[in-house]
Amino acid sequence: MTEKLAKLSIGNQAWEFPIRSGSIGPDVIDISKLYGGTKMFTYDPGFTSTAACESKITYIDGDEGMLLYRGYPIEQLAVHGDFLETCYLLLYGELPNPTEKSKFDHTVIRHTMVHEQMSRFLSGFRRDAHPMAVMVALVGAMSAFYHDSLDITDPHHRLVSSIRMIAKMPTMASMAYKYSIGQPFVYPKNELGYTANFLRMCFSIPCEEYIVDPILERALDRIFILHADHEQNASTSTVRLAGSSGANPFACVAAGIACLWGPAHGGANEAALAMLEEIGTPERIPQYVARAKDKNDPFRLMGFGHRVYKNYDPRAKLMQQTTHEVLKLLGHGDDPLLQVALELERIALHDEYFIEKKLYPNIDFYSGITLKAMGFPTSMFTVLFALARTVGWIAQWKEMIEDPGQKIGRPRQLYTGAPKREYIELANRA
Ligand code: SDX
């Protein structure tokens, strides 16, 4: 088949660049030789038109509102499978058979304990430290404890550190939560499943046993599936860029957690709930919608809009269903926050501004209401997002490291600063 070419002409010079096609989705123009030929860079802040890598893990069609993990639609995985099945799929590329699933679950569950000395880290934090600050520290500190799985050139080390990362996130997340409320840490129990273990480590107290509600366990497990991976989003790109220098996976995931914290990204679930609480009643919604449309007002409707989805975020639909299930189970079906959220969604989906800019609710719009109803404080929302996204970060990191063409990421720039000039001695300056 003849190679497709993109032609670029500047003045009386012309260049050709190969066009590459994926299995589905947009083609790419391979411009890796552009600077060598033209002595020019492309310019694309925010990477709105830039494919930074080739990947086989997750595919998003923003116009169709489609999300596939290794080709499987998120709607099917979230309804029929569990989170550890999704972890296996993202890591290895195929759904596990019953033997593989049982072995994987057994392995992950038996890596949930953390080194006992890690529990002393937290005492250095104030009790009111944001749990995301604690998570950045704890995950980064894993490189100081798990020396026996830091050689990224060794496939076995990569496997062990991947399993350790996935397995220990719930334990560290529960420690961050328990520390913030002054309660003792709870050790994982091997007879519990991954998500049940996390709920028990968060909500069990020494004075009485905590019985995991299977409906809450299923709902949270589904929330983890929905958040597991999302192509080359900001935090995943951070993990890939950190990993491209050869940094160990724990340090790379710590960098990903730091990036996820921002309100434009994973911090939006915390910001969306704060916004709903500030709005307070459906009657106050119009003034906030007006602010979101006002160019001179930096206010944005948190939980709305997405760089890729210009249709409904398929995760938001599933999230909305889960929200209703959880609130009904917990007797909060008439939660005023849910009423405000539903009315805000109705108004926004009929408002010309939002329709024209294709601003739909994203996954963060509903997740906060659900997590709050489950008993998590707002400050833990992005921690739960990080817990779920860890498998995506690790799968993408592993894919990058195992790519034979992998090299350090080093973007260039358009320089608009001062041209070269001579130093002026202090005594000679005005
Ligand atoms: C996540 O990338 C991922 O995949 C992320 C994520 C994942 O799973 O990893 O999906 C998770 O981060 C979801 C997004 C959560 N963030 C929020 O809910 C914060 C609110 N949303 C916005 O900050 C914004 O929509 C972004 C950051 C999500 C996307 O921003 P873009 O693609 O850079 O779009 P933009 O800022 O250029 O906005 C386009 C237009 C602008 O108006 P104009 O300048 O064209 O006139 O839409 C407007 C914006 O002002 N706009 C909004 C808006 N979002 C965009 N106006 C009001 N409210 C909003 N929420």
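If you're wondering where the values come from, they're calculated on a predicted model, not measured in any experiment.

Let us now look at empty space enclosed by the protein. Where empty space is left becomes clear once a probe the size of a water molecule has been rolled over the atoms. Applying the stated criterion across every chain, the model contains one cavity of 30 Å³ or more. By volume, the largest cavity is sized at about 40 Å³. Looking at the lining of the largest cavity, the elements with two or more residues in it are α8 (214–227), α16 (363–374) and α17 (381–401). When grouped by side-chain class, the residues that make up the lining of the largest cavity number five nonpolar, three polar and no charged.

Pairing within the open sheet is antiparallel, and its three strands lie in the order β4-β5-β6. Single-partner strands in this sheet number two, and they are β4 (58–61) and β6 (72–73). Bridge count between strand β5 (residues 66–69) and β6: two bridges; the pairing is antiparallel. Counted as the bridge partner of Y69 is Y72 from β6.

We now examine the packing of aromatic side chains. Under the definition given, this model contains 19 aromatic pairs. Taking the centre distance of 6.1 Å and the plane angle of 50° together, the rings of Y312 and Y360 count as tilted. Note that Y312 is positioned in the loop between α12 (285–293) and α13 (314–329) and Y360 in the loop between α15 (352–356) and α16, a separation of 48 residues in sequence. Judged by relative accessible area, Y360 falls into the partly exposed class, the value being 26%. Taking 5.2 Å as the distance between ring centres and 75° as the angle between the ring planes, the aromatic pair formed by Y353 and F354 counts as edge-to-face. We note that Y353, like F354, is buried. Of the aromatic side chains, those joined through ring pairs into one cluster are F83, Y177, Y194, F198, F203, Y210, F224 and F376.

Definitions and cut-offs
Residues numbered from 1 in each chain as written. Predicted model: local features only at pLDDT ≥ 70, side-chain atom pairs only at ≥ 80, totals over all residues. Heavy atoms only, no water. 1 Å grid on protein atoms, 1.4 Å probe; cavity = no way out; pocket = protein on both sides within 12 Å on 5 of 7 lines; lining within 4 Å. Points joined across faces, edges and corners; volume = space filled by probe spheres on them. Helix = DSSP H or I, 4+ residues; strand = E, 2+ residues; numbered from the N terminus. Nonpolar A, V, L, I, M, F, W, Y, C, P; charged D, E, K, R; others polar. Pairing = 2+ DSSP bridges. Phe/Tyr/Trp six-rings, centres within 6.5 Å; stacked < 30°, edge-to-face > 60°. Buried < 20%, exposed > 50% of the residue type's maximum accessible area, 1.4 Å probe, protein only.

Functional significance is not addressed by these values, which are geometric in nature.
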